[in-house]
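So the chains spell out like this:
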Amino acid sequence: MADKAFDIPFNKPFIVGKELDYIKDAVDRKKISGNGHYSKLCHRFFEERYGYKKCLMTTSCTDALEMSAILADIKEGDEVILPSYTFVSTANAFVLRNAKLVFVDSEPDHPNMDASKIEESITPNTKAIVVVHYAGKACDMDPIMELCAKYNLFLIEDCAQAIDSTYKGKPLGSFGDFSAYSFHETKNVISGEGGLLVVNNEKYLDRSEIIWEKGTNRAAFFRGEVDKYGWVDKGSSFLASELNAAYLYGQLECLELIQNKRIKIVERYRSELSALNQTIFELPVLKDYTVENGHMFYLLFHDLDSRSEFIRYMRAQKIHCVFHYLSLHRSDFFKGYDDVNYDLPYCDQYADTLVRLPVFYELSDEEQEYIIGHIKAFVEK
Ligand SMILES: *Cc1c(COP(=O)(O)O)cnc(C)c1O
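Owing to the predicted nature of the structure, the values given are computational and were not obtained by experimental measurement.

Parameters and conventions
Residues numbered from 1 in each chain as written. Predicted model: local features only at pLDDT ≥ 70, side-chain atom pairs only at ≥ 80, totals over all residues. Heavy atoms only, no water. Domains from an automatic or database assignment. Contact = heavy atoms within 4.5 Å. Buried area = accessible area lost by both parts, 1.4 Å probe. Salt bridge = Lys/Arg side-chain N within 4 Å of Asp/Glu carboxyl O. Polar contact = N/O pair within 3.5 Å; in protein donor to acceptor, adjacent residues only side chain to side chain. Helix = DSSP H or I, 4+ residues; strand = E, 2+ residues; numbered from the N terminus. Nonpolar A, V, L, I, M, F, W, Y, C, P; charged D, E, K, R; others polar. Buried < 20%, exposed > 50% of the residue type's maximum accessible area, 1.4 Å probe, protein only. Pairing = 2+ DSSP bridges. Axes fitted to C-alpha atoms, helices over the stretch in contact; angles between N-to-C directions. Parallel < 35°, antiparallel > 145°, perpendicular 65-115°, else oblique. Left-handed = near helix turned anticlockwise from the far one by under 90°. Phe/Tyr/Trp six-rings, centres within 6.5 Å; stacked < 30°, edge-to-face > 60°. Lys NZ or Arg CZ within 6 Å of the ring centre and 35° of its normal. Near = heavy atom within 4 Å. Areas by Shrake-Rupley, 256 points an atom, 1.4 Å probe, with all protein chains shown as cover.

J.: Just checking my understanding: could you explain the domain arrangement of the chain for this structure?
T.: It is common to give the size of an interface as the accessible area that goes away when the parts come together. On domain assignment, one finds that the chain holds domain 1 (19–252) and domain 2 (255–380). The C-alpha-based centres of domain 1 and domain 2 are spaced at 26 Å. Residue-level contacts link 46 residues of domain 1 with 37 residues of domain 2. In terms of surface lost to domain 2, no three residues of domain 1 exceed Tyr-85, Phe-103 and Asn-188, which account for 19% of the buried area on that side. A salt bridge links Lys-287 to Glu-107; its shortest N-O distance comes to 2.8 Å. Our count for the contact surface shared by domain 1 and domain 2 stands at 27 residue pairs in polar contact (both at pLDDT 80 or more). If you list the elements that add at least two residues to the side of domain 1 that touches domain 2, you get helix H2 (37–50), helix H4 (88–95), strand E3 (100–104), strand E4 (106–107), strand E5 (110–113), strand E8 (166–167) and helix H8 (242–252). Residue composition of the side of domain 1 that touches domain 2, grouped by class: 23 nonpolar, 12 polar and 11 charged.

Printed below as a string of structure tokens:
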């Protein structure tokens, strides 16, 4: 093991290409509000690379999810099916529209929502299924797509962690009526705060742009498609600033480089840690219908105490490993929102036992060797 000491954060925001040049260029172009030169470059990048119908830069994934809830016309009395093992935004977007949340447990061997448990949760009031591709690994989309068709439900994909990932070779984000990306500084490509709404359902291409532009047809007006612009629908200010889009575009140009680096880091964790005797923790399973997109690498301990001991041990070596979601169905907010009692044992298990290792673009080979060395030392002790 290297005897040099490090202080390794869990995540580190980074610059990889022309991010700062593009921010300066956006300022020089005298247009730093939304839907300018760099926003359009970002839209086109996603539309062309993944075959999405339409993309709109937003200030966050949270905003893109809220737009999806408005587009799906979710209202009081509607039920929305989602995993409990997810970030609060996946749920909040629908709570803001007074929907009833219907939580489904995770898979026994993966934090993703268990597709085989969805149908029993569908009622005549079900309006949408929201999938979250945890750690960038696809949910089992074939049965989920079948349910959406059979019961005429909206499909919304939370792709916050899922850039460049696929299900059976098809890009994630291309299955949903609407899909939402995040460029928060903890994701693979970043813009500080930032997000993207993907619209694949042709019926909503025009309306998505109106909701994005505060309920006005301003975008169509500037393209010369209508001769005046005004208030035509509900909406809000969901546009990302050109400064954020400029930073993001600098990253998107280097996507291959970023992905290769992150995937290499994750694969090194997998190969070196799988050589250890895994009685203390298990490694993430990678199903054959999806791919490694380098978003995350986690360990699964057997209980909360052993995980806490590991986090403390690593922290003492100045290596910051962090747990992840707490079950939404057990949160204080949800207890006041609905009186359903859920029993979602796998979700609770991931909440107690999953810990994420540092994965970021600038993590050096030496630093990773230091991390792996200390994991080995923890196992041997
Ligand atoms: C990061 C994340 C979000 C929120 O993204 P923001 O851009 O910060 O709003 C939502 N869902 C999941 C699964 C995430 O990982």
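J.: Hey, could you run me through the pairing of E5 in this one?
T.: A regular strand places its side chains on the two faces of the sheet in alternate fashion. Of the two faces of E5, the one lined by His-110 and Asn-112 and the one lined by Pro-111 and Met-113 are each fully buried. The sheet contact formed by E4 and E5 spans 2 bridges and is antiparallel. Counterpart to Glu-107 in the pairing with E5 is His-110. Linkage of E4 to E5, two consecutive antiparallel strands, is achieved through a turn of 2 residues.

J.: Looking at this structure, how should I read the packing of helix H3 (residues 61–71) against helix H6 (residues 205–212)?
T.: Between two packed helices, both the angle of their axes relative to each other and the distance between the axes serve to describe the pair. Where H3 contacts H6, the two axes come as close as 10 Å, and the packing angle between them is 125°. Viewed along their axes, H3 and H6 adopt a mutual orientation that is oblique. When the axes of H3 and H6 are compared, the crossing they make is right-handed. Where H3 abuts H6, its residues Met-67, Ile-70 and Leu-71 lie against Arg-207, Ser-208, Ile-211 and Trp-212. By residue class, the composition of the contact of H3 with H6 is 5 nonpolar, 1 polar and 1 charged.

J.: Hey, could you run me through the packing of aromatic side chains in this one?
T.: Aromatic ring pairs: the centre-centre distance and the angle between the two ring planes describe each pair. This model, assessed by the stated rule, comprises 36 aromatic pairs. Pairing Phe-87 with Tyr-325 gives two aromatic rings, centres 6.5 Å apart and planes at 45°, and the pair type is tilted. With Phe-87 in the loop between strand E2 (79–83) and H4 and Tyr-325 in the loop between helix H10 (304–316) and helix H11 (332–337), the pair connects residues that are 238 residues apart, well separated along the chain. The exposure class of Phe-87 is partly exposed, given its relative accessible area of 45%. Judged by its relative accessible area of 9%, Tyr-325 falls in the buried class. Three or more aromatic residues joined by ring pairs make a cluster, and in this case those are Phe-45, Phe-46, Tyr-50, Tyr-52, Tyr-181 and Phe-183. A cation over a ring is seen here: Lys-261 above Tyr-361, with NZ or CZ 5.3 Å from the ring centre.

J.: Honestly, the site of the ligand in this entry has me stumped. Any pointers?
T.: Looking at the ligand, there are 14 residues lining it, with Cys-61, Thr-62, Asp-158, Ser-182 and Lys-187 nearest. Thr-62 places a polar side-chain atom, nitrogen or oxygen, 2.5 Å from an oxygen atom of the ligand. Within the side chain of Asp-158, an N or O atom sits 2.7 Å from a nitrogen atom of the ligand. The fraction of the free accessible surface of the ligand (390 Å²) that becomes covered by protein chains is 92%.

J.: Would you take a moment to explain the pattern of salt bridges for this structure?
T.: Pairs can form between side chains of opposite charge once their charged atoms are near each other. Scanning the model with the defined rule gives 25 salt bridges in all. The salt bridge involving Asp-233 is made with Arg-207; its shortest N-O contact spans 2.6 Å. One end of the pair, Asp-233, is in the loop between helix H7 (218–222) and H8; the other, Arg-207, is in helix H6, and 26 residues separate them in sequence. Arg-207 sits in the partly exposed class, given a relative accessible area of 23%. Across the salt bridge formed by Arg-330 and Asp-348, the nearest N and O atoms sit 3.2 Å from each other. Within this pair, whereas Arg-330 is found in the loop between H10 and H11, its partner Asp-348 is found in helix H12 (residues 345–353), the two being separated by 18 residues in sequence. Taking the relative accessible area as the measure of exposure, Asp-348 reaches 16% and is therefore buried. Taken together, the salt bridges that share partners define one network made up of Lys-54, Glu-209, Arg-223 and Glu-225.

J.: I'm lost on the sheet that holds strand E13 (residues 298–301) in this one. Help?
T.: Picture the strands of a sheet paired through backbone hydrogen bonds; they go either parallel or antiparallel. Ordered in space as E12-E13-E14, the 3 strands form an open sheet in which the pairing is antiparallel. Each having just a single partner strand, strand E12 (281–282) and strand E14 (354–356) make up the two edges of the open sheet. Looking at chain direction, E13 and E14 are connected through 3 bridges and run antiparallel. Looking at E14, one finds that Leu-300 is bridged to Leu-354.

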